[in-house]
Amino acid sequence: TRLAFESELAKSLGCRNEEIIVDIPEPVSFEADIPILSEQGELFPFSEVDQIFSYDIGRVFTKSLRKFRIFTPPSVSKQRLKEVLES
């Protein structure tokens, strides 16, 4: 369906199909179930040890990666693209 959307969008914008790219990123997950060995020899789940990719941080970061993007030739203005998408 992405290719069909690109084709229809190109037609509406007066562009060739290969001039339009619709980027729909795949879902990303930073959840890991890797055991971490402490200095005392105990195993802990990664989520309990790592603070960089806590649930909240991971959610915010992955949300920023999930942007739907449309690439067009420079001749297509943002306003024209907006008009076509809203029609």
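Residues numbered from 1 in each chain as written. Predicted model: local features only at pLDDT ≥ 70, side-chain atom pairs only at ≥ 80, totals over all residues. Heavy atoms only, no water.

1. Points about the nonpolar core
Counting residues in each nonpolar core, the largest one holds 9 residues, listed as Leu9, Ala10, Leu13, Cys15, Ile20, Val22, Val76, Leu81 and Val84. Only helix H1 (2-13) and helix H4 (78-86) provide two or more residues apiece to this core. For this core, the element with the highest residue contribution is H1, accounting for 3 residues. Beyond its immediate chain neighbours, meaning those up to four positions away, Cys15 contacts Ala10, Ile20, Pro73 and Val76. (Core = buried A, V, L, I, M, F, W, Y, C linked by side-chain atoms within 4.5 Å. Buried < 20%, exposed > 50% of the residue type's maximum accessible area, 1.4 Å probe, protein only. Helix = DSSP H or I, 4+ residues; strand = E, 2+ residues; numbered from the N terminus. Contact = heavy atoms within 4.5 Å.)

2. What to know about the confidence of the model for the chain
A residue-level look at the chain finds 83% of positions with pLDDT of 70 or above and a mean pLDDT of 84. When mean pLDDT is compared element by element in the chain, H4 scores highest at 96, while helix H3 (residues 55-65) scores lowest at 70. (pLDDT = per-residue confidence, 0-100.)

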